[in-house]
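Okay, here's what each chain looks like letter by letter:
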Amino acid sequence: MRLISRSRPFLFALCTVLLAACGGDNVRPAPPAAVVKPVPAAPKPKVGIALGGGAAKGFAHIGVIKMLEANGIEPVVVSGTSAGSVVGALYASGMDPFQMQKQAFALDEAKIRDVRLFSGGLVQGLKLQDYVNGLVGKRNIQQLAKPFAAVATQLETGERTVFVRGNTGQAVRASSSIPGVFEPVVIGKASYVDGGVVSPVPVDAARQLGADFVIAVDISTKAPGTKPGSMLGIVNQSIGIMGQRLGEQELARADIVIRPKVNDIGPADFEQKNNAILEGERAALAAMPQIKAKLAELQRTRNAAHAARHAPPKPDPRCLEEPSRLGRLFGRDVKCDASGQPVKAP
């Protein structure tokens, strides 16, 4: 009894402390709200343009590029086959579409045609090479303002060759060397002819350059049901027929395909350059709603994926519980940082 009497003051004091911890005003301020850092915006899709072959029809590419830029869509990578490689090289060099149109109107066919009789009347192509090099400031492909690829066909193997480095004019010449019209271009130990044989519209080359969204411009000749009236027309139509099935497969890998109505323009009809440019403008304007809608959808998808990757971690449930004085008394409360994550003990 005496022992209990002596312990009574200690027990009373202990109960008082416990009751104070368990009752009364035992609510401490809520943990600080998690600090949410702003998520950086997702990068815009990298737009590429793939310009197909079609001899004099290639002026339509200028009209397409003009309307794209007028609507705030500027391709950042460029690929081209044959006539598309000529326009593509000028655009990649830093020319705007109005400068290209000015050059097109000033173009004299004699500047790019050098017929050599001893080779059977074929065009050598050296004038075309020099013409392109002069307009791009004699810069190599890797020195141009935009990444650029010219697609040609290796004659010995039939394989597609994508030029992304080296002499710009020479690559364009190789890409534009229509079999039976131009002499094959010898580069190193290989010979090259028109890229339209294996890649009429170089969508895959634009992807190789890093394009997320590819706009393809198809100006290839569709068989009209009649025989062409010139040797160049026969050759051009034959290449178009050969590459049609292959071209369809590659075009299916583009996000948008623009088809200017230039089938009535002959491959050597340089006098129709103004009509070709206008048809390119019309076709691009007609496709603009679809282009903008698809680009907006791609941007939304990228934004959602980007936000998910950069989302802050969810707060730990233990950090959301209301701490008690008893837990604080015995050091059992979980300590949390400003983001709602438990702080590891040192």
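**Student:** Tell me about the overall build of the chain, residues and numbers included.
**Tutor:** Of the regular secondary structure elements, the chain holds 11 helices and 10 strands. When contacts within the chain are restricted to residue pairs at least 6 apart in sequence, long-range pairs at least 24 apart make up 75% of them. Counting only carbon and sulfur atoms, one obtains 58% of the accessible surface of the chain, whose full area is about 18600 Å².

**Student:** Kindly report on the nonpolar core, identifying the contributing residues and their values.
**Tutor:** Counting residues in hydrophobic clusters, the biggest one holds 57 residues, and the most contacted among them are Phe148, Ile215, Ile258 and Ile291. Considering every element that reaches this core, the biggest residue donor is helix 9 (residues 273-309), with eight residues. Among residues more than four places away in sequence, those in contact with Ile215 are Val47, Gly48, Ile49, Ala50, Leu68, Ile73, Ile256, Ile258 and Ile291. The next biggest cluster of nonpolar side chains, apart from the first, holds 14 residues, and it includes Ala149, Val201, Ala211 and Ala254.

**Student:** So what about helix 5 (residues 126-135)? Which residues, and what values?
**Tutor:** By the burial criterion, the buried members of helix 5 are Leu128, Gln129, Tyr131, Val132 and Asn133. Check the buried side of helix 5 and you find it contacts helix 3 (83-92), helix 4 (97-106) and helix 6 (168-175). Following helix 5 by one or two positions, Gly137 adopts a phi angle in the positive range, close to 75°.

**Student:** Summarise the pattern of salt bridges; cite the residues concerned and give the values.
**Tutor:** Inspection of the entire model under this criterion finds eight salt bridges. Arg259 serves as the salt-bridge partner of Asp218, at 3.3 Å between the closest nitrogen and oxygen. Highlighted residues: Asp218 in the loop between strand 9 (213-217) and helix 8 (231-251) and Arg259 in the loop between strand 10 (256-258) and helix 9, separated in sequence by 41 residues. A relative accessible area of 5% means that Asp218 is categorised as buried.

**Student:** Outline the side chain of Lys66, listing residues and values.
**Tutor:** Relative to the elements of secondary structure, Lys66 occurs in helix 2 (residues 60-70). For Lys66, a relative accessible area of 9% translates into the label buried. Every residue in contact with Lys66, bar those within four places of it in the chain, is listed here: Pro97, Phe98, Gln101, Ile277 and Glu281.

**Student:** Could you give an account of the pairing of strand 5 (residues 148-154), with specific residues and numbers?
**Tutor:** Among the seven residues in strand 5, seven count as buried, and that is most of the element. The alternating pattern of strand 5 places Phe148, Ala150, Ala152 and Gln154 on one face and Ala149, Val151 and Thr153 on the opposite face, and all of these are buried. Examined bridge by bridge, strand 2 (residues 77-81) and strand 5 share four bridges and lie parallel to one another. Across the sheet, residue Thr81 finds its bridge partner in strand 5, namely Val151. Two strands pair when backbone bridges link them, and strand 5 and strand 6 (residues 160-163) are joined in this way by four bridges, in the antiparallel orientation. Paired with Ala150 across the bridge in strand 6 is Phe163.

**Student:** If you had to explain the packing of aromatic side chains to someone new, which residues and values would you point to?
**Tutor:** With the rule as written, the count across this model stands at two aromatic pairs. Geometrically, the ring pair formed by Phe59 and Phe270 is edge-to-face, given 6.0 Å between the ring centres and 80° between the ring planes. You can see Phe59 sitting in the loop between strand 1 (47-51) and helix 2 and its partner Phe270 sitting in the loop between strand 10 and helix 9, a full 211 residues away along the chain. In this structure, Phe59 and Phe270 share a single accessibility class: buried. Pairing Phe163 with Tyr192 gives two aromatic rings, centres 5.3 Å apart and planes at 70°, and the pair type is edge-to-face. With Phe163 in strand 6 and Tyr192 in strand 8 (residues 190-194), this residue pair connects regions lying 29 residues apart in the sequence. Of the two residues, Phe163 and Tyr192, neither departs from the other in class, the shared state being buried.

**Student:** Would you mind going over the pairing of strand 6 in detail, with residue names and values included?
**Tutor:** Of the two faces of strand 6, only one is covered, namely that formed by Thr161 and Phe163; the face formed by Arg160 and Val162 stays uncovered. Between the antiparallel neighbours strand 5 and strand 6 lie five residues, among them Gly158 with a positive phi of about 75°.

Cut-offs and rules
Residues numbered from 1 in each chain as written. Predicted model: local features only at pLDDT ≥ 70, side-chain atom pairs only at ≥ 80, totals over all residues. Heavy atoms only, no water. Helix = DSSP H or I, 4+ residues; strand = E, 2+ residues; numbered from the N terminus. Contact = heavy atoms within 4.5 Å. Areas by Shrake-Rupley, 256 points an atom, 1.4 Å probe, with all protein chains shown as cover. Core = buried A, V, L, I, M, F, W, Y, C linked by side-chain atoms within 4.5 Å. Buried < 20%, exposed > 50% of the residue type's maximum accessible area, 1.4 Å probe, protein only. Salt bridge = Lys/Arg side-chain N within 4 Å of Asp/Glu carboxyl O. Pairing = 2+ DSSP bridges. Phe/Tyr/Trp six-rings, centres within 6.5 Å; stacked < 30°, edge-to-face > 60°.

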